[in-house]
Amino acid sequence: MVNMNVKIGSVELRNPVVLAGGTCGVMGEIKDAIDLSKLGGITTKSITKEPREGNSPIRIVDHHYGMMNAIGLANEGINSFIQEQAPKATSIPTTVIGSVAGHTIDEYVAVASAMDSVKGIELVEVNVSCPNTTDGLEFGACPKQLHALLQEIRPVLKNTGMIVKLSAAAGDLRPHAHTAIECGSDALTLINTIPGLAIDVHSRKPVLSRGIGGFSGGAIHPIAVRVVREIYKDITKGTSIPIIGTGGIMRWEDAAEFILAGASTVGIGTASYVNPAISIQVASKLQTWAEKHDCSAINELVGAMQC
Ligand SMILES: Cc1cc2nc3c(=O)[nH]c(=O)nc-3n(C[C@H](O)[C@H](O)[C@H](O)COP(=O)(O)O)c2cc1C
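Now for a description of the structure that goes with this document. Just so we're clear, the structure is a prediction, and the values are computed from it rather than from any experiment.

**Notes on the overall build of the chain**
Regarding its fold elements, the chain presents eight helices and 16 strands. With respect to the principal axes defined by its C-alpha atoms, the chain has extents near 50 × 50 × 40 Å. Within the span of the chain, comprising 307 residues, buried residues form 50% of the whole. Excluding contacts between residues fewer than 6 apart, the proportion of contacts in the chain whose partners are at least 24 apart in sequence is 71%.

Structural data, given as structure tokens:
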């Protein structure tokens, strides 16, 4: 039997498959469709300090090559989250990762601190792909700004580990990954959606009401694998910092690719909209794959791509 456990900081995940932020409900509502006890973890919707309505429709569309969304961080805000959602965390039969977002450092810190107090949330993922109110740039866009943010968040996470989720839109992510680790990140999630534009050729208007949106799904997978490989090879190899490879997993082989590139955990988003049970199938197939490679633990395959 292959040991499928993976560790993020001091938290042990049952297996390397987690559901990505914003794609499985606010607090794992997908549990009505699948058995979450067969997964390594779930990530909540990104929560901000104040409630946000998000962008007006159309804000999510199927795309020939994947999916486009411009949800605009619609969420109920941290106060309602704490009252309505947080009590459910202990009944979720897998590790719960709380995702935090904001438009100022103070907002991030307030949400992170509240998440940290929730029984049943063991890890906090910092979604740094949000524009800040001062210059409109994403917090994750430049390492200096990322440093300023993370050095304020880390101290308020007293009970939870910190994961930093980076976006490939920031270009070469090596300096950003280095900064996240320097600021005490226990893991890196790579990557978020990639900014894209889809145009309806008949109306000649953008398909999404906001115009530009985040592109996700199968077509971004090779980009995400390249990013994971670069960060693993140049930054995390030989450290205890795991990578959660996310982006375009549509079949188990995509998840295996992430592991060979250097991810020890994988995140699934868009594919759950096509087949809600895909994550469970991927977890099972990864085990069979590791057995075929004579591994006693899935960890033996992390970064094991042959050059
Ligand atoms: C509809 C939708 C909503 C998302 N919401 C969030 C979110 O709230 N927070 C976050 O960090 N990422 C969010 N993401 C990004 C995903 O977590 C993931 O990083 C991205 O979609 C790439 O993975 P995939 O190709 O498997 O979907 C969202 C993605 C989609 C498609």
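Here the narrative resumes, following the displayed structure.
**Here we look at the site of the ligand**
Residues in close proximity to the ligand total 26 residues, the closest being Ala-20, Gly-21, Gly-22, Ser-216 and Gly-269. Looking at side-chain class alone, the shell around the ligand contains eight nonpolar, 16 polar and two charged residues.

**Concerning helix 3 (residues 143-153)**
Within helix 3 the residues assigned to the buried category are Gln-145, Leu-146, Leu-149, Leu-150 and Ile-153. End-on view of helix 3: buried residues confined to an arc of 125°, all on one side of the axis. Contacts made by the buried residues of helix 3 are with helix 2 (105-116), strand 8 (121-127), strand 9 (161-166) and helix 4 (174-182).

**Re the packing of helix 4 against helix 5 (residues 221-236)**
Packing of helix 4 against helix 5 leaves a shortest axis separation of 10 Å and a crossing angle of 55°. Classed by the angle they form, the pair helix 4 and helix 5 counts as oblique. Our pair here, helix 4 against helix 5, has a crossing hand that is right-handed. Two secondary-structure elements touch here, helix 4 through Arg-174, Ala-177 and His-178 and helix 5 through Glu-230, Ile-231, Asp-234 and Ile-235. Its residues assigned to classes, the contact of helix 4 with helix 5 comprises three nonpolar, one polar and three charged.

**Examining the pairing of strand 7 (residues 95-100)**
Both faces of the sheet carry side chains from a regular strand, because those side chains alternate between them. Among the six residues that make up strand 7, six are buried, leaving the element largely enclosed by the rest of the structure. Where burial is concerned, the two faces of strand 7 agree: the one with Thr-95, Ile-97 and Ser-99 and the one with Val-96, Gly-98 and Val-100 are both buried. The sheet contact formed by strand 4 (residues 41-43) and strand 7 spans three bridges and is parallel. Counterpart to Gly-41 in the pairing with strand 7 is Thr-95. With five bridges connecting them, strand 7 and strand 8 associate as parallel partners. By the bridge assignment for strand 8, Ile-97 is matched with Leu-123. For the crossover that starts at strand 7, traverses helix 2 and ends in the parallel strand 8, the hand is right-handed.

**Re the sheet that holds strand 7**
Read around the barrel, eight strands follow the order 3-4-7-8-9-10-15-16 and close on themselves; strand pairing throughout is parallel. Within the sheet, the average angular offset between the axes of one strand and its neighbour, ignoring direction, is 25°. Contacting strand 10 (187-190) and strand 15 (243-246), helix 5 runs over the sheet at an angle of about 165° to strand 15.

**A word on the sheet that holds strand 5 (residues 60-63)**
Taken in spatial order, the four strands line up as 5-6-14-11 in an open sheet, and their pairing is antiparallel. Only two strands of the sheet have a single partner each, and these edge strands are strand 5 and strand 11 (194-197). Averaged over all neighbouring strand pairs, the angle between strand axes comes to 40°, with direction disregarded. Pairing geometry for strand 5 and strand 6 (residues 66-69), over four bridges, is antiparallel. Residue pairing in the sheet places His-63 in a bridge with Gly-66 of strand 6.

**Notes on the nonpolar core**
Ranked by size, the top nonpolar core spans 89 residues in total, and within it Val-126, Ile-163, Leu-188, Leu-190, Val-228, Ile-231 and Ala-255 carry the most contacts. Looking at this core, the element that brings in the most residues is helix 5, giving seven residues.

**Thoughts on the pairing of strand 8**
Within strand 8, seven of the seven residues are buried, which leaves it mostly tucked inside the rest of the structure. Where strand 8 meets strand 9, five bridges bridge the pair, whose relative direction is parallel. Considered in strand 9, the bridge of Asn-127 is made with Lys-165. Handedness of the crossover joining strand 8 and strand 9 through helix 3: right-handed.

**Some remarks on unusual backbone geometry**
Here Pro-57 and Ile-58 are connected by a cis peptide whose omega angle stands at 5°. Relative to the helices and strands, Ile-58 is located in the loop between strand 4 and strand 5. The amide bond that connects Leu-190 to the next residue, Ile-191, takes the cis arrangement and shows omega of 20°. Among the structural elements, Ile-191 can be located in the loop between strand 10 and strand 11. Phi angles above zero are rare outside glycine, and Arg-204 is one such case at about 65°. Among the secondary structure elements, Arg-204 is positioned in the loop between strand 12 (199-200) and strand 13 (205-206). Look at Arg-204 and you get exposed, because 7 C-beta atoms sit within 10 Å. The phi angle at Asp-294 is positive, at roughly 55°, despite the residue not being glycine.

Conventions and cut-offs
- Residues numbered from 1 in each chain as written.
- Predicted model: local features only at pLDDT ≥ 70, side-chain atom pairs only at ≥ 80, totals over all residues.
- Helix = DSSP H or I, 4+ residues; strand = E, 2+ residues; numbered from the N terminus.
- Buried ≥ 20, exposed ≤ 12 C-beta atoms within 10 Å, placed from the backbone.
- Contact = placed C-beta atoms within 7 Å.
- Near = placed C-beta within 6 Å.
- Nonpolar A, V, L, I, M, F, W, Y, C, P; charged D, E, K, R; others polar.
- Arc of directions from axis to C-beta.
- Axes fitted to C-alpha atoms, helices over the stretch in contact; angles between N-to-C directions.
- Parallel < 35°, antiparallel > 145°, perpendicular 65-115°, else oblique.
- Left-handed = near helix turned anticlockwise from the far one by under 90°.
- Pairing = 2+ DSSP bridges.
- Right-handed = clockwise from strand over helix to strand, strands pointing away.
- Core = buried A, V, L, I, M, F, W, Y, C linked by C-beta atoms within 7 Å.

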